[in-house]
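Here are the chains, one letter per residue:
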2 protein chains.
Amino acid sequence: MKSEKISELTTNRLSVYLRCLNLLAAAGIKTISSQALADQFNMNSAQIRKDLAHFGEFGVRGVGYSVDELRRHLTQILGLDRPHRVGIVGAGNLGTALANYNGFTASNFEVVALFDNDKEKIGRRVGKAAVAVHDVRKLARVVRDAEIDVAVIAVPARVAQRVLNQVMSAGIKAVLNFAPVRLHARLGVKVKTVDLTIQLESLSYFLARPQITCVTNPRQILPYEEIAQREEQELQS
Amino acid sequence: MKSEKISELTTNRLSVYLRCLNLLAAAGIKTISSQALADQFNMNSAQIRKDLAHFGEFGVRGVGYSVDELRRHLTQILGLDRPHRVGIVGAGNLGTALANYNGFTASNFEVVALFDNDKEKIGRRVGKAAVAVHDVRKLARVVRDAEIDVAVIAVPARVAQRVLNQVMSAGIKAVLNFAPVRLHARLGVKVKTVDLTIQLESLSYFLARPQITCVTNPRQILPYEEIAQREEQELQS
DNA sequence: GAATGTGAACACATTCACAGCC
DNA sequence: GGCTGTGAATGTGTTCACATTC
C-alpha cells in the first residue's frame, strides 16, 4: 500500500473489476487468476495486477485471487462499504429519471432529495421512492439535514456553474454533472461530467468516416453461446 | 489533410471546440487565436492547433482562426452538416427522458422512435414531440422505414447485448449505450458507453480519500447561516 | 510582431516478460 | 507448474519551443 496518486483510469477499472467479480461470485466461483479474469471480460491481466498492486497484495502466487476477498477489498477501496446520499439539482426529465433509476442503489447510493426553482414542482414527490422536490434556495439546509454527500447537476448549461457554486458552498465534495459545460470546481471538490453532446458528436464523426475507425480496438467477437451464457450470469445484477 | 487514425480524445475535443466557437460567434467575435481560445476555456493552445492540424490548415499565421470558417470546418468534420435520426431502445425512465431532451436537436440529432417490449407502452406517444413507441420486435423494419442511423440503448444490463445484436442486425453503425456492461460490437460498429455506475463509484473512491486534494483553508468554511444567506443572494441574480 | 503548424521532449498509460513465491 | 507482483519496454497523448508564414 503506497500513497501515490491513483489515476482516474485506474479507479474506473476498479469499479469494473468489482462488477465482474460480483458476476463471478453469483456464478459460485471462489477463486480466479488475473489471466482468467482478463480472458473472460477482455481485459489485460498485467493491468489488473498492476491496478490492484497500488492498494496491496491481494493475490496468492500460484493460485490467484479469492473472489470474495477481492470483492471486499474493492468495495472498501471504492468506499462502497459506506452508503452515499445523493441530491439531484434539476427536477426536469433527466433529474426525475435519475431519481427513479435503481442502478444507483446497487452501489450503495440513495437519492434522498431533488431540487428545483419551479414553484409547480417544489413540494411534489417523485417516483416510486417518493423523493421530495425542494426549493433550490434551501439546498444548503437540506444537504445538512439529509446528510447529502453527492450532488447530481441536471440543469440547463447556462445555470450549471451557479448551481455548482451553491453545491460547493453547501460543503459537497463530489458532483456528477450532466450539463454540457466545463465547470470550475475549487480544490478538494471532484466534478465528473457526463457530456452526452460530446458522445453523440463523436459518433457522428465516426459515421462520417466509416473506413477509418473500423479498426479501432479490434475487439474479439465471442461465439454466440458464450454471450448467451454471460447474459444468464448477468441476470443477477 | 492526412489519412492517419484520429484518437477518440481528439474527436471529443473537436466537439468541445465547436461548442466554444458557437459561444464566441454568438458574442459577435469574428477571429480568435488558439492562445485566446485556450485561455478562455482553459485548454492548451498547442493541443488545439495539433487537433486541427490533423484535418487541414485552417488558420492564418500572425492572425488566428476565423470563427465562422472554423465552425463550418468542424461541423463538416464531425458530420454535423447532415442530420442524424435516433432510435431509443427502452422506453423506461431514462429512454423517455432522453426522447424529451432537446440538447440533441442543437447538434442536428432528432429522436424519431422509441422501442420497448412492454405491451402497455407500445403504441403510445411520448413527450412534446410525440415520439411513437414501437414493438422492439419490429426494430429492423422501423429502422429502415424511418431511416434511423443512431441507436441509444437504455435497457437493463442483462438484455443490453441482445438488444445490441438486434440493432447491429438492423444495420445500425453507431450506438450510445447506457447499460452498465461492456458490449461486444462487430467490426464497423461504434459503441460508446456512458456508464453512470463507474462515474459514481469513482466519486465514491474520491470521497473515501479526502486527504489527497483537500487543501481548503479551514477558515474559509462558513457557518451555516452565512451559507444560507449567500444562497439567497446568488439566486437573485 | 504575432500566431500558426510541427518536430522534439516530456509525461502518462499499457503491455511485456520474468524473478520470486506458493 | 502456475500465478503474482513489478521493473523494463513500448505505446499513446500532451506540451514545449521554434522555424515559418502572414
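For the structure, see preceding data.
Residues numbered from 1 in each chain as written. Chains lettered and ligands numbered in written order. Predicted model: local features only at pLDDT ≥ 70, side-chain atom pairs only at ≥ 80, totals over all residues. Heavy atoms only, no water.

## Some remarks on the overall build of chain A
Stage number 1. Counting its regular elements, chain A contains eleven helices and nine strands.
Stage number 2. Buried residues in chain A amount to 49% of all 237 residues.
Stage number 3. Sequence-distant contacts in chain A: of pairs separated by 6 or more residues, those separated by 24 or more amount to 55%.
Stage number 4. Carbon and sulfur atoms make up 49% of the accessible area of chain A, which totals about 11,700 Å². (Helix = DSSP H or I, 4+ residues; strand = E, 2+ residues; numbered from the N terminus. Buried < 20%, exposed > 50% of the residue type's maximum accessible area, 1.4 Å probe, protein only. Contact = heavy atoms within 4.5 Å. Areas by Shrake-Rupley, 256 points an atom, 1.4 Å probe, with all protein chains shown as cover.)

## With respect to helix α8 (residues 157-169) of chain B
Side chains that are three or four residues apart share a direction in an α-helix, a result of its 3.6 residues per turn.
Residues and elements named next belong to chain B.
Stage number 1. Here α8 spans 19 Å end to end across 13 residues, near enough to the 18 Å set by a 1.5 Å rise per residue.
Stage number 2. Among the residues of α8, those classed as buried are Ala157, Ala160, Gln161, Val163, Leu164, Asn165, Val167 and Met168.
Stage number 3. Just past α8, the residue Gly171 takes up positive phi, approximately 95 degrees. (Expected span 1.5 Å × (residues − 1).)

## Brief notes about the relation of the copies chain B and chain A
Stage number 1. Mapping chain B onto chain A is achieved by rotating through 180 degrees and translating by 0.0 Å along the same axis, at an RMSD of 0.1 Å. What we have between these two chains is a two-fold relation. For chain B, the residue whose C-alpha comes nearest the rotation axis is B:Ala97, separated from it by 3.2 Å.
Stage number 2. An overlap of 86% is found between the interface residues of chain B and their copies at the interface of chain A, pointing to a shared contact surface. (Least-squares fit on C-alpha atoms with pLDDT ≥ 70 in both.)

## Brief notes about the pattern of salt bridges
Stage number 1. A full pass over the atoms with the stated rule returns 17 salt bridges over all chains.
Stage number 2. For B:Asp68, the salt bridge goes to B:Arg71, with nearest N and O atoms at 3.2 Å. Placement of both B:Asp68 and B:Arg71 in helix α4 (residues 67-77) is noted, with a separation of three residues, approximately one turn of the helix.
Stage number 3. Here B:Arg71 falls in the partly exposed class, since its relative accessible area comes to 26%.
Stage number 4. Residue B:Arg137 pairs with B:Asp135 through a salt bridge whose shortest N-O separation is 2.8 Å.
Stage number 5. Looking at B:Arg137, the relative accessible area reads 66%, which means it is exposed.
Stage number 6. Given a relative accessible area of 11%, B:Asp135 falls into the buried group.
Stage number 7. Each of the salt bridges in this network shares a partner with another, and the network as a whole consists of A:Glu8, A:Lys190 and A:Lys192. (Salt bridge = Lys/Arg side-chain N within 4 Å of Asp/Glu carboxyl O.)

## So, the nonpolar core
Stage number 1. With 100 residues, the main nonpolar core has A:Met43, A:Leu74, A:Ile88, B:Met43, B:Leu74 and B:Ile88 as its most contacted residues.
Stage number 2. Those residues within four positions of A:Leu74 in sequence are excluded, and the remaining contacts are A:Leu14, A:Tyr17, A:Leu18, A:Leu21 and A:Leu52.
Stage number 3. Of all hydrophobic cores here, the second largest spans 27 residues; its members include B:Ala113, B:Val143, B:Ala146 and B:Leu183. (Core = buried A, V, L, I, M, F, W, Y, C linked by side-chain atoms within 4.5 Å.)

## Topic: the protein's contact with DNA strand C
Stage number 1. Near DNA strand C lie 24 residues; those nearest to it are A:Arg13, B:Ser34, B:Arg49, B:Lys50 and B:Tyr65.
Stage number 2. Take the atoms of DNA strand C that sit within 4 Å of the protein: sugar and phosphate atoms are 65% of them.
Stage number 3. One nitrogen or oxygen atom from the main chain of B:Ser34 is found 2.6 Å from a phosphate oxygen belonging to DNA strand C.
Stage number 4. B:Arg61 has a polar side-chain atom sitting 3.1 Å from a base oxygen of DNA strand C.
Stage number 5. When residues of the surface near DNA strand C are traced back to their parent elements, those giving at least two are α1 (8-26) and α3 (45-53) of chain A together with α3 (45-53) of chain B.
Stage number 6. By residue number, the principal contributor to the surface near DNA strand C is α3(A), which donates four residues.
Stage number 7. Of the residues assigned to the surface near DNA strand C, the class counts are eight nonpolar, eight polar and eight charged. (Near = heavy atom within 4 Å. Polar contact = N/O pair within 3.5 Å; in protein donor to acceptor, adjacent residues only side chain to side chain. Nonpolar A, V, L, I, M, F, W, Y, C, P; charged D, E, K, R; others polar.)

## Here we look at the packing of aromatic side chains
Stage number 1. A complete count under the given rule lists four aromatic pairs over all chains for this structure.
Stage number 2. Aromatic side chains A:Phe55 and B:Tyr205 sit 6.1 Å apart centroid to centroid with 85 degrees between the ring planes, which places their arrangement in the edge-to-face category. Here the residue A:Phe55 occupies a position in the loop between α3 and β2 (65-66), and B:Tyr205 occupies one in helix α9 (residues 196-207), the pair thus bridging two chains. An identical accessibility class is assigned to A:Phe55 and B:Tyr205; each is buried. (Phe/Tyr/Trp six-rings, centres within 6.5 Å; stacked < 30°, edge-to-face > 60°.)

## Some details on the protein's contact with DNA strand D
Stage number 1. In the vicinity of DNA strand D, 24 residues are found, and the nearest of them are A:Ser34, A:Arg49, A:Tyr65, B:Arg13 and B:Arg61.
Stage number 2. Here, DNA strand D places atoms within 4 Å of the protein, and 63% of those atoms are sugar or phosphate.
Stage number 3. One of the backbone N or O atoms of A:Gly59 is found 3.2 Å from a phosphate oxygen in DNA strand D.
Stage number 4. For the surface near DNA strand D, the elements supplying multiple residues, two or more each, are α3 of chain A together with α1 (8-26) and α3 of chain B.
Stage number 5. The element contributing the most residues to the surface near DNA strand D is α3(B), with four residues.
Stage number 6. Partitioned by chemical class, the residues of the surface near DNA strand D number eight nonpolar, eight polar and eight charged.

Coordinates in, geometry out; function isn't part of it.
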